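Structural features, examined
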Amino acid sequence: MGNNISQHIAFLGCGSMNGAILTGLLAAGVPSGQVTATVRDPEKAANLAKRHGVQVLSSTEETEANRQAAGGADVVLLGVKPVGILDLARQISPALKPGTVVISVAAAISIDMLEAALPQGQPVIRSMPNTPSSLGRGVLSISAGTHATAELMEQARTILSAAGTVVEIPEDQVDALSAVSGSGPAYAFYLAEAMAAAGVKLGLEEDLAKLLATQTVAGAGYMLAEEGADATALRKAVTSPNGTTERAIATFDEQGLPDIIAAGAQAAAERAGAITKELDGR
Ligand SMILES: NC(=O)C1=CN([C@@H]2O[C@H](COP(=O)(O)OP(=O)(O)OC[C@H]3O[C@@H](n4cnc5c(N)ncnc54)[C@H](OP(=O)(O)O)[C@@H]3O)[C@@H](O)[C@H]2O)C=CC1
Ligand SMILES: O=C(O)[C@@H]1CCC=N1
């Protein structure tokens, strides 16, 4: 699949998120020669290069590495923390080819903010991915900037599809999507942590409790990943009438767990809005 991708892709900033997309793309068959990455720390650059067999440049504001990688790319994925994204966009601006598509995966950085930091007319796409992209199991949104034509959106869809399911959404839905799928893997891991702690409370050894919780959440995830899977139907298949699971779910409902999850997601979306306000105009 990745062999259909002919563009040269630069990953500027290659930590948890861009690193996951890079891993997913390489696993899908994108040739390593078509990929360049940058990080700041030279040791991390060397380790990433060794692990993935791709060119990884160590970059600081004083070096040319980000500009060099961006200038040689057809598609640039900006993957530094939100606070550094606009400086990075400005840093690479002189080196970008006019047709190069700049995709930002940063939370809270709007298309307007990106376009203002980049050369006039540069195609921009805002994406909100998640870390299961490393396994080709991500969910990655795309939202078009002013100069991202339908053809360029299709190109982005093809590339990002190598890392998972791509959904196109209007930009005003990104914070909500991020609160579900962007942050969502952390919620699932948090559930696994809480289940392990519950097992310990019930008297299990910690290592065993962790194993049970981890494998159970992973196994349930695999079931959900099957074609046509439905979370409600799968839950009901575990829940015998008047049995043990029914008692657990009733307790979750009585104690307001769905509301707690909704409140957490709302807090995530609101935090994205607050970060946008903090960083806009910088
Ligand atoms: N983590 C996630 O699950 C998700 C994250 N995102 C977004 O992804 C972005 C990155 O987050 P995340 O991956 O978690 O962060 P990380 O800290 O894991 O990664 C950031 C990376 O950027 C590098 N970096 C920082 N400044 C520069 C620079 N000037 N030039 C080159 N590389 C640089 C860092 O290198 P070094 O380590 O050497 O300093 C590091 O590799 C954020 O904007 C976030 O909103 C979006 C969706 C999900
Ligand atoms: O926590 C964050 O800000 C990023 C965005 C979505 C997931 N991680």
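As the structure is a prediction and not an experimental result, all values here were calculated from the model.

What counts and what doesn't
- Residues numbered from 1 in each chain as written.
- Chains lettered and ligands numbered in written order.
- Predicted model: local features only at pLDDT ≥ 70, side-chain atom pairs only at ≥ 80, totals over all residues.
- Helix = DSSP H or I, 4+ residues; strand = E, 2+ residues; numbered from the N terminus.
- Rg over C-alpha atoms; globule rule 2.2 N^0.38 Å.
- Buried ≥ 20, exposed ≤ 12 C-beta atoms within 10 Å, placed from the backbone.
- Contact = placed C-beta atoms within 7 Å.
- Axes fitted to C-alpha atoms, helices over the stretch in contact; angles between N-to-C directions.
- Left-handed = near helix turned anticlockwise from the far one by under 90°.
- Nonpolar A, V, L, I, M, F, W, Y, C, P; charged D, E, K, R; others polar.
- Near = placed C-beta within 6 Å.
- Expected span 1.5 Å × (residues − 1).
- Domains from an automatic or database assignment.
- Core = buried A, V, L, I, M, F, W, Y, C linked by C-beta atoms within 7 Å.

1. With respect to the overall build of the chain
Check the secondary structure of the chain and you find twelve helices and eight strands. Its C-alpha atoms give the chain a radius of gyration of 21 Å, near enough to 19 Å, the size a compact globule of 282 residues would have. In terms of principal-axis extent, the alpha carbons of the chain reach across some 65 × 40 × 35 Å. Within the chain, the proportion of its 282 residues that are buried is 35%. In the chain, the share of contacts with a sequence separation of at least 24, taken over all contacts with a separation of at least 6, comes to 65%.

2. As for the packing of helix α8 (residues 184-201) against helix α9 (residues 206-225)
Geometry of a packed helix pair, given as the angle between the helix axes and the separation of the axes. Where α8 contacts α9, the axes come no closer than 8 Å and their chain directions differ by 145°. Judged by the sense of rotation from one axis to the other, the crossing of α8 with α9 is right-handed. Contacts between α8 and α9 involve Ala 188, Leu 191, Ala 192, Met 195, Ala 196, Gly 199 and Val 200 on the former and, on the latter, Glu 206, Ala 209, Lys 210, Leu 212, Ala 213, Thr 214, Thr 216 and Val 217. Class assignment for the residues of the contact of α8 with α9 results in ten nonpolar, three polar and two charged.

3. A look at the site of ligand 1
Looking at ligand 1, there are 28 residues lining it, with Gly 13, Gly 15, Asp 41, Ala 106 and Ala 107 nearest. For the shell around ligand 1, the elements supplying multiple residues, two or more each, are α1 (16-27), β2 (35-39) and α4 (82-92). Looking at the shell around ligand 1 residue by residue, the classes come out as twelve nonpolar, twelve polar and four charged.

4. Details of α9
Since there are 3.6 residues in each turn of an α-helix, residues three or four apart along the chain are aligned in direction. For α9, spanning 20 residues, the distance from its first C-alpha to its last is 28 Å, which sits close to the expected 28 Å at 1.5 Å a residue. Counting buried positions along α9 yields one of 20 residues, so the element is predominantly exposed.

5. Overview of the domain arrangement of the chain
One can read the domain layout of the chain as domain 1 (2-174) and domain 2 (184-269). Summarising the inter-unit geometry, the C-alpha centres of domain 1 and domain 2 are found 33 Å apart.

6. Quick look at the site of ligand 2
The environment of ligand 2 is made up of Ala 107, Ser 178, Gly 182 and Ser 183. The class makeup of the residues in the shell around ligand 2 is one nonpolar, three polar and no charged.

7. Some details on unusual backbone geometry
The phi angle at Ala 108 is positive, at roughly 75°, despite the residue not being glycine. For Ala 108, the location among the structural elements is in the loop between β5 (101-104) and α5 (111-117). Residue classification places Ala 108 among the buried positions, given that 21 C-beta atoms sit within 10 Å.

8. With respect to the nonpolar core
Ranked by internal contacts, the top residues of the largest apolar core, which has 64 residues, are Leu 12, Val 76, Leu 77, Leu 78 and Ile 103. A per-element tally of this core places α1 first, with six residues. Setting aside residues up to four positions removed in sequence, Ile 103 forms contacts with Val 75, Val 76, Leu 77, Leu 78, Ile 125, Ser 127 and Ala 156.

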